Amino acid sequence: MPPNLRARSGRKRKCCATDPWPSIRALTREKKRAAENKRERGKGHRQRRGAATVSATTADRRRWEREMQVGLFEREEELRAEGRNEGESPRHVVGHMVLKSFSSLLLEALAAMSYLPATTDSIAEALEVKDPSESITILYRILANPSSSAEALRIKEQAITNLSDLLQQEKRAEELRSLLTQLRPFFAVIPKAKTAKIVRGIIDSVAKIPGTSELQISLCREMVEWTRAEKRTFLRQRVEARLAALLMENKEYAEALTLLTGLVKEVRRLDDKLLLVDIDLLESKLHFSLKNLPKAKAALTAARTAANAIYVPPAQQGTIDLQSGILHAEEKDYKTAYSYFFEAFEAFNALEDPRAVFSLKYMLLCKIMVNQADDVASIISSKAGLHYVGIELDAMKAVADAHAKRSLNHFETALNDYKAQLEEDPIVHRHLSSLYDTLLEQNLCRLIEPFSRVEIGHIAELIGLPVVHVEKKLSQMILDKKFAGTLDQGAGCLVIFEIPKADAIYPATLETISNISKVVDSLYLRSARIMA
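For every chain, the first residue of the written sequence is number 1, and numbering continues from 1 onward in sequence order. Thresholds applied to this predicted model are a pLDDT of at least 70 for local features of residues and 80 or more for the giving and counting of side-chain atom pairs; totals over whole chains, interfaces and linings are not thresholded and use all residues. Hydrogens and waters are ignored; side-chain quantities use all the structure's heavy atoms.

Asks: How should the sheet that holds strand β2 (residues 485–488) be read in this particular structure?
Replies: Sheet strands line up and pair through hydrogen bonds in the backbone, either parallel or antiparallel. Note on pairing: two strands pair once DSSP finds at least 2 bridges between them. For helices the rule is a DSSP run of H or I covering at least 4 residues; for strands it is a run of E covering at least 2, with both sets numbered from the N terminus onward. Ordered in space as β1-β3-β2, the three strands form an open sheet in which the pairing is antiparallel. One side of each edge strand has no neighbouring strand; the edge strands of this open sheet are β1 (453–455) and β2. With strand direction ignored, the average angle separating the axes of adjacent strands in the sheet is 20°. For β2 and strand β3 (residues 493–496), the ladder comprises four bridges, and the chain directions are antiparallel. Note on β3: the bridge partner recorded for Leu487 is Leu494. Helix axes are fitted to C-alpha atoms over the stretch in contact, other axes to C-alpha atoms as well, and angles between N-to-C directions run from 0 to 180 degrees.

Okay, structure coming up:
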């Protein structure tokens, strides 16, 4: 082997003997260096995340300074062109103007620039604060975050829900209204289904604040205009249905009916069955309020037909049954109405819906109207009835007791004591009016039974009602042939006649003559055949 080759091979053997794993050591150094870089990057990221608000504030402050410099230059040029204040430099004048409004501008800029990161920690911080006003401020700052990542949008949706709940608890209806306006840029970056959910949720929050019916109507009108401009058809239809319901509650029936008429045609073209059920049911309530019973029944039938084709939520099915019971009660079919009210009560009771007590109240009303007032106490003392014991059921129990005693005084006492529960409920008031007339007629018939001639004043004294009212009711009963009699208004007396008994000989004679006529006709036909 040549000497130079032996030297190279010797150096190679010496290198291998002293450092057998050079590549492994190099790899280890690279890994350590990468780990150190990763730690430094993580540290820098945490620092940047902790100072996100400060960094944003600094950047916005620099941008604001640049804008102010541009404004100063432009104002200086305007003053130089106008040639005003020759003793002072234009920059000095503008400087005074800037210093005068600097504090207010700075406060507004800081308020706009101070936002919180859209994270679950920020939401938790808002919920942990005991002061509602401070929680509301924190949630507003979360919503001011300009981030539009998927996680940030999800956190903002949760913040909107919490914010609407807090504003509802604080009864800030106007802030809820302005919140919908402020969220319109946010609605542009989220799906339309989520937008509809948020809008309907905020409108529901406003509805839970008492005394905001006018605000709800104006809010729905604004949202209808916005949805038309944004071409959000499905959301617009639901908001218009809500607006029609509010107009009906506000007794603006003409506008509500016009709105529903166009909405029904539009929804039927789209074949949205669930919304169609709501609209048909609302139309039925509207026609019932207008005392148009045939159209109310037709709209309810349409709602049932649409409901049979789809799955209807239990609350909606209970509403349909409740409306069916109301319409049957209006037709004096109280037994069928009771069965519908019972179905509605079971549905609402399972959902713990507050409308359950009204269904139970109408059930008791049906029992009273069919002269089964004794069943009222047993229904109230049942397991389901005990859960809803309160002033509503106490009112119906008082009416049932008055009906059982056939006492007008007790009946009027119940009406006065429970005026809000009986007279202000249009359905109960309508049926109790007919019940009062029935009780009055029964009492008058019982009082005049022993007399053939009696003064009207004496009857009014016995029954405890004004003479004019008693005289009017007696004349109505005579015209309805509830008894035979006449009113002698000159003497102020009621003359009662005995009801003449029908003589049975006259109907029998007429029947005999009719039979003889049939026999003669038959004989004539036979003789005609024989002669032919």
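Right, picking up where we left off after that structure.
Asks: Sorry, what's going on with the nonpolar core here?
Replies: Here is a general trend for soluble globular proteins: nonpolar side chains tend to be buried in one another's company. In this description, a nonpolar core means a group of buried Ala, Val, Leu, Ile, Met, Phe, Trp, Tyr and Cys residues linked to one another through side-chain atoms lying within 4.5 Å. Relative accessibility decides the category of a residue: with a 1.4 Å probe and only protein chains considered, values under 20% of the type maximum give buried, values over 50% give exposed, and everything between is partly exposed. Residues Ile142, Leu183, Phe187, Phe411, Leu432, Val470 and Leu494 are the most contacted members of the largest nonpolar core, which totals 128 residues. Setting aside anything within four residues of it in sequence, one finds Ile142 in contact with Leu116, Ala118, Ser122, Ile123, Ile155, Lys156 and Ala159. Here, residues are in contact when the closest pair of their heavy atoms is within 4.5 Å.

Asks: What should I look at first to understand the packing of helix α13 (residues 233–249) against helix α15 (residues 273–289) in this one?
Replies: Each pair of packed helices gets described by two things: the angle between the helix axes and the distance between those axes. Taken N-terminus to C-terminus, the directions of α13 and α15 make an angle of 15°; their axes are 11 Å apart at the nearest point. One finds that α13 runs roughly parallel with respect to α15. For the pair α13 and α15, the crossing hand works out as left-handed. Between α13 and α15, the residues in contact are Gln237, Arg238, Ala241, Ala244, Ala245 and Met248 and Leu275, Ile279, Leu282, Lys285 and Leu286, respectively. Side-chain classes are defined by residue name, with Ala, Val, Leu, Ile, Met, Phe, Trp, Tyr, Cys and Pro counting as nonpolar, Asp, Glu, Lys and Arg as charged, and the others, Gly among them, as polar. Class assignment of the residues belonging to the contact of α13 with α15 gives a composition of eight nonpolar, one polar and two charged. Any angle that is under 35 degrees is reported as roughly parallel, and any over 145 degrees as roughly antiparallel; angles of 65 to 115 degrees are reported as roughly perpendicular and all others as oblique. With the far helix as reference, a near helix turned anticlockwise by less than a right angle produces a left-handed crossing, and one turned clockwise produces a right-handed crossing.

Asks: What is the right way to read a negative patch on the surface from this model?
Replies: Patch building starts from residues that exceed 30% relative accessible area and form no salt bridge, then joins like charges within 9 Å and nonpolar side chains (Val, Leu, Ile, Met, Phe, Trp, Tyr) within 5 Å. Residue exposure ignores everything except the shown protein chains as possible cover, and the areas themselves are Shrake-Rupley values with a 1.4 Å probe. Definition used for salt bridges: Asp or Glu carboxyl oxygen within 4 Å of a side-chain nitrogen of Lys or Arg. Under the counting rule used here, the positive set is Lys and Arg, the negative set is Asp and Glu, and His together with the chain ends is not counted. Charged groups are reduced to one reference atom each: NZ for lysine, CZ for arginine, CG for aspartic acid, CD for glutamic acid. On the surface, a cluster of negative charge is made up of Asp121, Glu125, Glu128, Asp131, Glu134 and Glu170. Ranked by residue count, the leading element in the negative patch is helix α6 (residues 120–128), at three residues. With respect to the helices and strands, the residue Glu125 is situated in helix α6.

Asks: What exactly am I supposed to notice about helix α16 (residues 293–308) here?
Replies: Structural remark: α-helix, 3.6 residues per turn; residues separated by three or four positions point the same way. One less than the number of residues in a helix, times 1.5 Å, gives the span that helix is expected to have. With 16 residues, α16 should cover 22 Å at 1.5 Å per step; its first-to-last C-alpha distance of 23 Å lies within 8% of that length. What α16 keeps buried is the set Ala296, Ala299, Leu300, Ala303, Ala306 and Ala307. Buried residues of α16 fall within an arc of 120° about the axis and therefore sit on the same side. The exposed residues of α16 that point more than 90 degrees off its buried face are Pro294, Thr305 and Asn308. Looking at the buried side of α16, the elements it contacts are α15 and α17 (314–330). Each C-beta atom gives one direction from the helix axis, and the arc is the one those directions make.

Asks: So what exactly am I meant to see when it comes to the pairing of β2 here?
Replies: Here is the key point about a regular strand: its side chains alternate between the two faces of the sheet. Burial of the side chains of β2 is restricted to one face: Gly485 and Leu487 are buried, whereas none of Thr486 and Asp488 on the reverse face is. Between β2 and β3, which pair antiparallel one after the other, the connecting turn spans four residues, and Gly492 there sits at a positive phi close to 70°.

Asks: I'm lost on the packing of helix α25 (residues 426–448) against helix α27 (residues 467–479) in this one. Help?
Replies: Two elements in contact, α25 and α27, have axes separated by 11 Å at closest approach and are oriented at 90°. The orientation of α25 with respect to α27, classified from their angle, is roughly perpendicular. Where α25 approaches α27, its residues Tyr436, Asp437, Leu440, Glu441, Leu444 and Cys445 are matched on the opposing element by His469, Val470, Lys473, Leu474 and Met477. In the contact of α25 with α27, the residues fall into seven nonpolar, one polar and three charged.

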